[in-house]
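Secondary and tertiary structure notes
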Amino acid sequence: MVVTHNRMVQLQRTLGRLLATPPEQLSAVLVVDNASSDGTAGWLRGIGDPRLVLHRLEVNAGGAGGFEIGLRRAMADLSPDWVVVMDDDARPDPGALAAFHAADRRGWDAIAAAVRLPDGTICEMNRPTRDPFRDVRLVLKTALRGREAFHLGRDAFAGTQTLPVDGASFVGLFVHRRAIERAGLPDGRLFLYGDDALYTMRLSAMGGRIGFLPGVRFEHDTRTISARDRRFRPLWKVYYYHRNLLLLYRVAAGRAFWLVLPVVLIRWAWRLRNHGGERRAFLRLLGHAVAHGLTQDLGTPHAQVLRWAEAGAEAGAEAGAEAGAEAGAGAGAGAGAGAEAPAPKPRSVPAE
C-alpha cells in the first residue's frame, strides 16, 4: 500500500518497482491518492495492471489519514495476510519482497525493513526503535542523546538475524492481519509524523511482536531534512513533528515524561539555530506544537498550520528587509571606510 500526495515522479518510480514484482510475491497494489493536484489521478487511471487498486481522497488527510484509510480499505476489500506500507518516495530494493517471502516469519506480527537513502546510507528517520523508557538509564540517555540512545545501530543493519524491536516506521513495514485485529488502525488525526511510532508501540504494548529484518531493504528518497541543512522542509512540518513527538514521549515514558520534558524542550529550542531567516516562523510553529502536544489537542486543521507557517515567514522576511535597508544606508555612508560584508545566503534544499 502506497500513500501519495503531489509527488507523481516519485510515485512513478515506486509503482514501477512494485509492479515489476512477480504476482506470486505481490498480489495487489493499493494506492491512496491524498487529493493530489499534479496530474497523479489521471496518470494512475492510465495504468493497465489489474493488480492496481486506486483510492482517491478529495481532501488531503495527511500521511496518517492516508495510512488509516488505506489499511481499512485493504482489510475490507483485499483481505491480505500481510500488507506492506510505504510513502510515495519509498520503494523496495530489487529482491526485497522475495527476501521477505523467504524469511522465517513465524511468531512475528509485523516486520520492519532496513531503510536506506538512495546513496546507500542508513535513513535516520526510519531506524527501528526499542522502547526508550524501559529503564531509568535509557531514559537519561534519551534525554541527553536523543534518537541515538534507542534506535538500532549500524551493527543491526549489517547483521542477518531478525531482531525484536518496539517501534518502526511506515516505510517498508509489513503488517500481518492479526496485528490490525489486535491493535486496530493508525490514528489519522495525527496528519503527519509519529503515527507509525505510536501505532507500532501500541502494538508492542498489546503483546504484538515486531521484528527487524535487515535482509529486506527499502530505499527512501526523502528530502525533509538533508545531511547538510538541518532545516525542516517545508517549514510547516515543524508543527506536526514536535507535537506528535510529545505525544509519543508521553505514551512511552508514563510518569517519567514530566522529568524528561525540560531537557527535551531545551534540545528543541536549540534547533532554532538551523533556521536563520525564518526563526520567527519556527518559534510560532514550535510553540503551538508544544501547547497542543501537552494538551493532546489533535483538532487543528491543516489549513491553520499552513497559515502559522506563512505568517511567521512573512514577518521574518519583512524584518530582514528592514534590516537590509538599514545596513545598506550605513554602508553607503561609510563607503571606502570598511563596509560590513553581506551575510551568506542560506543553503537551499529541494522542497519535498
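Residue numbering note: each chain is counted from 1, following its sequence as written. Totals for whole chains, interfaces and linings use all residues, but because this is a predicted model, local features are given only for residues with pLDDT of at least 70 and pairs of side-chain atoms are given and counted only at 80 or more. By convention in this description, side-chain values take in all heavy atoms of the structure and omit both hydrogens and water.

1. What about the overall build of the chain?
Note the threshold: For helices the rule is a DSSP run of H or I covering at least 4 residues; for strands it is a run of E covering at least 2, with both sets numbered from the N terminus onward. Every residue pair with non-hydrogen atoms within 4.5 Å of one another is taken to be in contact. Surface accessibility follows the Shrake-Rupley procedure with a 1.4 Å probe radius. Residue values consider only the protein chains on display as shielding.
In terms of regular secondary structure, the chain is built from 12 helices and 9 strands. Partitioning the intrachain contacts of the chain with sequence separation of at least 6 by distance along the chain shows that 77% fall at a separation of at least 24. In the structure as shown, the chain presents an accessible area of about 17,000 Å², 55% of it carried by carbon and sulfur atoms.

2. Looking at the packing of aromatic side chains
The geometry of an aromatic ring pair comes down to the distance between the two centres and the angle between the two planes. Put simply, the rule reads: Aromatic pairs are defined between Phe, Tyr and Trp rings, using the six-membered ring for Trp, whenever the two ring centres lie within 6.5 Å; interplanar angles under 30 degrees are classed as stacked, those over 60 as edge-to-face, and all others as tilted. We call a charge positioned above a ring when the Lys NZ or Arg CZ atom is no farther than 6 Å from the ring centre and deviates by at most 35 degrees from the ring normal.
In this structure the tally under the stated criterion is 13 aromatic pairs. Within the aromatic cluster, the residues linked to one another by ring pairs are Phe191, Trp236, Tyr239, Tyr240 and Trp308. A cation over an aromatic ring shows up here: Arg105 above the ring of Phe100, its NZ or CZ 4.6 Å from the ring centre. Stacked on the ring of Trp108, the Lys or Arg Arg209 has its end atom at 4.0 Å from the ring centre.

3. A few points about the packing of helix H9 (residues 237-253) against helix H11 (residues 279-295)
For the record, the criterion: Simply put, an axis is a line fit to the C-alpha atoms, just over the touching stretch for a helix, and the angle between two N-to-C directions goes from 0 to 180 degrees. Roughly parallel refers to an angle under 35 degrees, roughly antiparallel to one over 145, roughly perpendicular to one between 65 and 115, and oblique to any angle outside these ranges. Helix crossings are classified by the rotation of the near helix relative to the far one: an anticlockwise turn of less than a right angle makes the crossing left-handed, while a clockwise turn makes it right-handed. Under the scheme applied here, ten amino acids are nonpolar (Ala, Val, Leu, Ile, Met, Phe, Trp, Tyr, Cys and Pro), four are charged (Asp, Glu, Lys and Arg), and all others, including Gly, are polar.
The interhelical angle for the contact between H9 and H11, taken along N-to-C directions, is 30 degrees, at an axis separation of 8 Å. Classified by the angle between their axes, H9 and H11 sit roughly parallel to one another. Here the hand of the crossing between H9 and H11 comes out right-handed. Every residue of H11 that contacts H9 at Val238, Tyr239, His242, Arg243, Leu246, Leu247 and Arg250 is listed here: Phe282, Leu285, Leu286, His288, Ala289, Val290, His292, Gly293 and Leu294. When the residues that make up the contact of H9 with H11 are grouped by side-chain class, the tally is 10 nonpolar, 4 polar and 2 charged.

4. A few points about the pairing of strand E9 (residues 210-220)
Quick reminder of the rule: When accessible area is computed with a 1.4 Å probe and restricted to protein chains, residues below 20% of their type maximum are described as buried, those above 50% as exposed, and intermediate ones as partly exposed. A pair of strands is treated as paired once DSSP finds two or more bridges between them.
Buried residues dominate E9, accounting for 9 of its 11 residues. Sheet topology places strand E5 (residues 90-92) next to E9; 3 bridges connect them, and they run antiparallel. Pairing of Ala90 across the sheet is with His220, part of E9. Pairing geometry for strand E6 (residues 110-116) and E9, over 7 bridges, is parallel. Looking at E9, one finds that Ala112 is bridged to Phe212. Pairing geometry for strand E7 (residues 163-165) and E9, over 3 bridges, is antiparallel. Across the sheet, the residue bridging to Leu163 is Phe212, located in E9.

5. A look at the environment of Ser27
Here Ser27 shows up in the loop between helix H1 (8-19) and strand E2 (29-34). Owing to a relative accessible area of 61%, Ser27 belongs among the exposed residues under this scheme. Each C-alpha atom of the pair Ser27 and Pro50 lies 9.7 Å from the other, and the pair is 23 residues apart in sequence.

6. Looking at the pattern of salt bridges
Note the threshold: Note on definitions: salt bridges are taken to be side-chain nitrogens of Lys or Arg within 4 Å of carboxyl oxygens of Asp or Glu.
Applying the stated criterion to the full structure yields 16 salt bridges. A salt bridge links Arg7 to Asp89; its shortest N-O distance comes to 3.5 Å. With a gap of 82 residues between them, Arg7 in the loop between strand E1 (2-4) and H1 and Asp89 in the loop between strand E4 (82-87) and E5 connect regions that are remote in the sequence. The class of Asp89 is buried, set by a relative accessible area of 2%. Across the salt bridge formed by Glu68 and Arg72, the nearest N and O atoms sit 3.1 Å from each other. Of the two residues, Glu68 and Arg72 are both situated in helix H3 (residues 62-78); the distance of 4 residues between them amounts to about one turn of the helix. Using a relative accessible area of 43% as the deciding quantity, one classes Arg72 as partly exposed.

7. Structural notes on the layout of surface pockets
Threshold: Cavity and pocket criteria rest on a 1 Å grid covering protein atoms alone: a 1.4 Å probe that fits but cannot get out defines a cavity, protein on both sides within 12 Å along at least 5 of 7 lines defines an open pocket, and an atom within 4 Å of a point defines a lining residue. Grid points are joined across faces, edges and corners, and a volume is the space filled by probe spheres set on the points.
As a volume, the second largest pocket reaches approximately 450 Å³. Leu26, Ser27, Pro80, Trp82 and Val83 are the residues nearest the centre of the second largest pocket, which is lined by 21 residues in total. When contributions to the lining of the second largest pocket are tallied by element, the ones reaching two or more residues are H3, E4 and helix H4 (96-102).

8. Quick look at the confidence of the model for the chain
Quick reminder of the rule: Confidence scores labelled pLDDT are given residue by residue by the predictor and lie between 0 and 100.
Residues at a pLDDT of 70 or more form 81% of the chain, whose mean pLDDT is 86. Scored below 50 in pLDDT, residues 318-352 makes 20 contacts in the model with residues more than four places away or belonging to other chains.

9. What about unusual backbone geometry?
If a residue is not glycine, its phi is most likely negative; likewise, a peptide bond is most likely trans. Put simply, Arg233 and Pro234 share a cis peptide bond, and its omega is -10 degrees. Residue position: Pro234 is located in the loop between E9 and H9. Even without glycine at this site, Tyr193 takes up a positive phi of about 75 degrees. Inspection of the secondary structure assignment puts Tyr193 in the loop between helix H7 (177-183) and helix H8 (195-205). Taking relative accessible area as the criterion, Tyr193 reaches 17% and is therefore assigned buried.

10. With respect to the nonpolar core
Quick reminder of the rule: The nonpolar core is taken to be a set of buried Ala, Val, Leu, Ile, Met, Phe, Trp, Tyr and Cys residues, with the residues joined through side-chain atoms within 4.5 Å.
Counting 36 residues, the largest nonpolar core has Trp236, Val238, Tyr239, Tyr240, Trp268, Leu285 and Val305 as its most contacted members. A total of 10 residues in this core trace back to one element, the largest contributor, which is H9. With near-sequence residues (within four places) excluded, Trp268 lies in contact with His242, Leu245, Leu246, Tyr249, Phe282, Leu286 and Val290. Counting 31 residues, the second largest nonpolar core, distinct from the first, contains Val85, Ala156, Ala179 and Tyr199.

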